[in-house]
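Breakdown of the fold
Residue strings, one per chain:
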Amino acid sequence: MENLILDGRKVAQSIKNQLVERVQVLKEKGVTPCLATILVGDDPSSATYVKMKGNECEKIGIKSLRIHLPKETETNQLLETIQKLNEDNSVHGILLQHPVPSHIDERKAFETISIEKDVDGVTSYGYGQTALGFGKYPSCTPAAIMSILNYYQIPIEGKHAVVIGRSPILGKPVSALLLNENATVTTCHSRTTNLSEVVQLGDIVVAAVGKPNFIQGDWIKKGAVVLDAGYNKGNIGDVDYDACSEKASAITPVPGGVGPVTISMLLKHTVDAAEETISKH
Ligand SMILES: Nc1nc(=O)c2c([nH]1)NC[C@@H]1CN(c3ccc(C(=O)N[C@@H](CCC(=O)O)C(=O)O)cc3)C=[N+]21
């Protein structure tokens, strides 16, 4: 069966190309878009992702303000750091890298990010706006998935989309975005019984579980579109790629699929946020 590999690096590049010009225009107006990233602790893969985000910012002229807090940081200290960034007019977007060490109240920290700077769609207000269909900044991985479908002109309306995972910044918001595009959406999770049968209903399957190679080839309906949003240690996705690609009409690889587009959406939202500060004056 003919099988299309959904090339996330290509999608990301086309998004970034469009941003370069917008960043130039902003700079001519005296505004340098700036993304603040906050990393708490020393988890090596989190450190790698945050570094990639900062580097990608700088490549297209966005300022990257990188804040690294020790793993012993208390919730209140993290909240103070976020509040300072909220008040800093030179900062347009704030990304708090998930997960933070378990003694920290991550939800409380997310909620502290002001809505104008919530370029990663982590606040409940931002999520609510996304769910209702008028959110400016949906979470970046969900936005990336929609971007890939859009780039490859994959129809969504009327399709059955099956999302495996219901996390606040991935499964739930991507389910909402697909619903807003008139898909019939089923959200599966760890308590779903007969998971393989439900996944087999999917014309579009989004894997957001966090278990390496979890989604099996025989769960995939022939001709389905498979998007792998998993990021497990060693750059392994949630989808058993070889087996699933034999069934799918189109599929994202890992690496080179959803990941690079996620970062380009973060850059786009940061530029959007910087433009908003100008149009307000
Ligand atoms: N507040 C928050 N927002 C996030 O969006 C967020 C987060 N926390 N925590 C962790 C996950 C993970 N994530 C990735 C982004 C890009 C790649 C990526 O670009 N990966 C490359 C390969 C990575 C490499 O080369 O090492 C690829 O798939 O091709 C992966 C994972 C964003 N996340």
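Quick notes on the rules
- Residues numbered from 1 in each chain as written.
- Predicted model: local features only at pLDDT ≥ 70, side-chain atom pairs only at ≥ 80, totals over all residues.
- UniProt positions renumbered as here; feature names shortened; annotations may be inferred.
- Near = placed C-beta within 6 Å.
- Helix = DSSP H or I, 4+ residues; strand = E, 2+ residues; numbered from the N terminus.
- Nonpolar A, V, L, I, M, F, W, Y, C, P; charged D, E, K, R; others polar.
- Domains from an automatic or database assignment.
- pLDDT = per-residue confidence, 0-100.
- Buried ≥ 20, exposed ≤ 12 C-beta atoms within 10 Å, placed from the backbone.
- Pairing = 2+ DSSP bridges.
- Right-handed = clockwise from strand over helix to strand, strands pointing away.
- Contact = placed C-beta atoms within 7 Å.
- Core = buried A, V, L, I, M, F, W, Y, C linked by C-beta atoms within 7 Å.
- Axes fitted to C-alpha atoms, helices over the stretch in contact; angles between N-to-C directions.
- Left-handed = near helix turned anticlockwise from the far one by under 90°.

Labelled according to an unreviewed UniProt entry, the protein appears under the name Bifunctional protein FolD, originating from Heyndrickxia vini. Regarding the protein, the UniProt comment filed under Sequence similarities (unreviewed entry) reads as follows: "Belongs to the tetrahydrofolate dehydrogenase/cyclohydrolase family."

We now examine the site of the ligand. The full set close to the ligand counts 21 residues, and His98, Tyr231, Pro255, Gly259 and Thr262 are the nearest of them. Elements supplying a minimum of two residues to the shell around the ligand: helix H2 (44-59), strand S4 (93-96), helix H6 (140-151) and helix H10 (258-279). Top element by residues in the shell around the ligand is H10. It accounts for 4 residues. By residue class, the composition of the shell around the ligand is 12 nonpolar, 8 polar and 1 charged. Taken together, domain 1 (30-115) and domain 2 (140-259) each give at least three residues to the shell around the ligand, which thus spans both.

Let's shift gears to the domain arrangement of the protein. We note that the domain assignment places domain 1 (30-115) and domain 2 (140-259) within the protein. The gap between the C-alpha centroids of domain 1 and domain 2 is 28 Å.

Turning to the confidence of the model for the protein, a few remarks are in order. Per-residue pLDDT for the protein averages 97, and the proportion of residues at 70 or more is 99%. Two numbers describe this predicted complex: its pTM, 0.97, and its ipTM, 0.98.

To continue, consider the pairing of strand S8 (residues 225-228). What you see with S8 is no split at all: Val225 and Leu227 on one side and Val226 and Asp228 on the other are buried throughout. Bridge count for strand S7 (residues 204-207) against S8 is 4 bridges, and the pairing is parallel. Opposite Ala207, over in S8, you have Asp228 as the bridge partner. For the crossover that starts at S8, traverses helix H9 (residues 241-247) and ends in the parallel strand S9 (residues 250-251), the hand is right-handed.

For the rest of this paragraph, the subject is the UniProt feature "domain: Tetrahydrofolate dehydrogenase/cyclohydrolase catalytic" (unreviewed entry) in the protein. Mapped onto the present numbering, the UniProt feature "domain: Tetrahydrofolate dehydrogenase/cyclohydrolase catalytic" (unreviewed entry) falls on residues 6-120. A distance of 23 Å separates the end C-alpha atoms of residues 6-120, which is 50% helix and 16% strand.

With that out of the way, let us pick up the sheet that holds S7. Strand order in this open sheet of 6 strands is S1-S9-S8-S7-S5-S6, and the pairing throughout is parallel. Each edge of the open sheet carries a strand with a single partner, namely strand S1 (4-5) and strand S6 (184-188).

Relative to the helices and strands, Asp240 is located in the loop between S8 and H9. By the C-beta count within 10 Å, which is 19 here, Asp240 ends up partly exposed. Asp240 sits 26 residues away from Phe214 along the chain, and the two C-alpha atoms are 6.4 Å apart. Residues in contact with Asp240, not counting those within four places in the same chain, are Asn213, Ile215, Gln216 and Gly217.

In terms of nonpolar packing, the biggest core is built from 81 residues, with Ile164, Val206, Ala207 and Val226 touching the most fellow members. Top element by residues in this core is H10. It accounts for 9 residues. Look past the residues within four positions of Ile164 in its chain and what remains in contact with it is Cys188, Val199, Val206, Ala207, Ala208, Val209 and Ile215.

Where H6 meets helix H7 (residues 171-180), the closest approach of the two axes is 8 Å, and the angle between their N-to-C directions is 35°. Of the two possible hands of crossing, H6 and H7 adopt the one that is right-handed. Contacts from Pro142, Ile145 and Met146 of H6 reach H7 at Pro173, Val174 and Leu177. Counted by class, the contact of H6 with H7 contains 6 nonpolar, no polar and no charged residues.

All right, on to the sheet that holds S4 then. Ordered in space as S3-S2-S4, the 3 strands form an open sheet in which the pairing is parallel. In this open sheet, the two strands that pair with only one neighbour each are strand S3 (63-69) and S4. Along the sheet, successive strands turn relative to each other by an average axial angle of 15°, direction set aside. In terms of strand pairing, strand S2 (residues 34-40) meets S3 through 7 bridges, oriented parallel. Of the residues in S3, the one forming a bridge with Cys34 is Lys63.

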